[in-house]
Amino acid sequence: MGAFAILPASEASKAVGTRKPDWLKVRPPFGRDCSEVSGLLRKKGLHTVCRSARCPNIGECWSQQTAAFMILGDVCTRTCAFCAVAKGSPAPPDPDEPARTADAVRTLGLRYAVITSVTRDDLPDGGAGHFAATIRAVRRACPETRIEALIPDFGGDAKALETVLAAGPDALNHNLETVESLYPAILRPLENYRRSLGVLAAAGRRGALVKSGLMVGLGESEEDLQRSFADLRSAGCDLLTIGQYLRPSKAHAPVARYYPPGDFDRLRTSALTFGFRDVASGPLIRSSYFAEKLFLSSKRKA
């Protein structure tokens with residue numbers, strides 16, 4: 001099911017020690033709309049995954065006055081080898097952050113808001129209560145806005161997941177990130193792969209629209225990807241994003257190869273044969289990129 005052909009390395013860019021391919025080069029954020037979004041976030045003391053994770057689409061999204069809000073601070077308690085977010089000991093949750101986030105969503109006039117967070121293993125509920133408070137605050141301030149919750153795994157705590165789902169997000173997103181065999185390479189315990197699938201499956205049983213994301217370019221094989229597609233569908237995942245891994249710095253996991261754009265088209269075609277409602281696949285695709293478009297597509301195909 002879903003076989004595809006990845007171009008040989010001679011037809012793609014060799015990653016380590018060479019320049020980034022042209023198809024991955026993007027303009028930095030600029031313009032009035034970008035400045036307005038940046039100024040609003042700074043004024044309200046809010047963080048975005050766009051900036052903290054060095055998302056390559058920040059200019060495009062901010063110019064359209066969209067952003068993925070990152071709650072619970074900007075310091076993560078885990079040390080994943082692929083992520084640009086700062087690691088360390090985070091500050092206590094800010095009780096006013098949900099209201100400030102809701103006000104920013106209202107000010108920007110967002111039709112679709114993505115709420116994500118750093119991982120907070122230091123908190124008893126992993127930050128689930130703060131997630132729920134933020135979702136409810138946005139819902140009160142902007143009743144027509146669709147809300148996607150992009151959550152960590154909460155240590156596999158079923159009660160924490162239920163806390164978020166009870167707040168009523170329109171979509172529940174949790175990224176698998178990469179294939180099972182590469183979890184040690186990104187400094188994640190191997191058992192966390194199955195834990196993440198369990199989170200997605202539990203959300204699906206609760207009736208949520210379930211979404212996940214994969215990075216490619218870390219050294220995975222075609223068979224690895226096929227297995228992950230199957231695992232995600234078995235867990236009830238409805239929507240999938242596939243994007244190129246980009247190394248934030250030399251201290252992070254190296255890129256094994258850059259996939260050319262045509263390979264992402266083949267990846268999407270392959271993944272769709274497993275039964276996903278829709279798949280967004282491309283070099284610069286990230287889990288929250290054009291999230292509203294993918295959400296609406298899923299509703300048409302439901």
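This section reports on the structure supplied with the text. (Residues numbered from 1 in each chain as written. Predicted model: local features only at pLDDT ≥ 70, side-chain atom pairs only at ≥ 80, totals over all residues. Heavy atoms only, no water.)

**A short note on unusual backbone geometry**
Logical step 1: Positive phi is not limited to glycine here, since glutamate 177 has a value of about 80°.
Logical step 2: With respect to the secondary-structure elements, glutamate 177 resides in the loop between β8 (171-173) and α7 (191-205).
Logical step 3: Despite not being glycine, leucine 187 has its phi angle at roughly 65°, a positive value.
Logical step 4: In this fold, leucine 187 is placed in the loop between β8 and α7.
Logical step 5: Note on leucine 187: relative accessible area 53%, which makes it exposed. (Helix = DSSP H or I, 4+ residues; strand = E, 2+ residues; numbered from the N terminus. Buried < 20%, exposed > 50% of the residue type's maximum accessible area, 1.4 Å probe, protein only.)

**Brief notes about the pattern of salt bridges**
Logical step 1: One pass over the full model with this rule turns up 18 salt bridges.
Logical step 2: For arginine 120, the salt bridge is made with aspartate 122, and the minimal N-O distance between the two is 2.9 Å.
Logical step 3: When its relative accessible area of 1% is taken as the criterion, arginine 120 is described as buried.
Logical step 4: The salt bridge involving aspartate 238 is made with arginine 277; its shortest N-O contact spans 3.8 Å. Taken together, the residues aspartate 238 in the loop between α8 (222-234) and β10 (239-244) and arginine 277 in the loop between α9 (261-272) and β12 (278-281) connect sequence positions 39 residues apart.
Logical step 5: Among the residues examined, arginine 277 registers a relative accessible area of 26% and is labelled partly exposed.
Logical step 6: Put simply, Arg78, Asp121, Asp153 and Arg195 are held in one network by salt bridges that share partners. (Salt bridge = Lys/Arg side-chain N within 4 Å of Asp/Glu carboxyl O.)

**Points about the nonpolar core**
Logical step 1: Of all hydrophobic cores here, the largest spans 71 residues; its most connected members are Ile151, Val164, Phe229, Leu232, Leu240, Ile242 and Phe276.
Logical step 2: Contacts of isoleucine 151, omitting those with residues within four sequence positions, involve Phe131, Leu161, Val164, Leu172, Asn173, His174 and Val199.
Logical step 3: Core analysis: the next-biggest nonpolar cluster, separate from the first, contains 13 residues, Tyr112, Leu239, Ala280 and Leu294 among them. (Core = buried A, V, L, I, M, F, W, Y, C linked by side-chain atoms within 4.5 Å. Contact = heavy atoms within 4.5 Å.)

**With respect to the packing of α8 against α9**
Logical step 1: Two numbers describe how α8 lies on α9: the axes approach to 10 Å, and their chain directions differ by 40°. The pairing of α8 with α9 is recorded here as oblique in orientation. In this structure, the crossing between α8 and α9 has a hand that is right-handed. Counting all contacts with α8, which are made through Leu225, Gln226 and Phe229, the residues of α9 involved are Leu267, Ser270 and Ala271.
Logical step 2: Taken together, the residues that form the contact of α8 with α9 break down as four nonpolar, two polar and no charged. (Axes fitted to C-alpha atoms, helices over the stretch in contact; angles between N-to-C directions. Parallel < 35°, antiparallel > 145°, perpendicular 65-115°, else oblique. Left-handed = near helix turned anticlockwise from the far one by under 90°. Nonpolar A, V, L, I, M, F, W, Y, C, P; charged D, E, K, R; others polar.)

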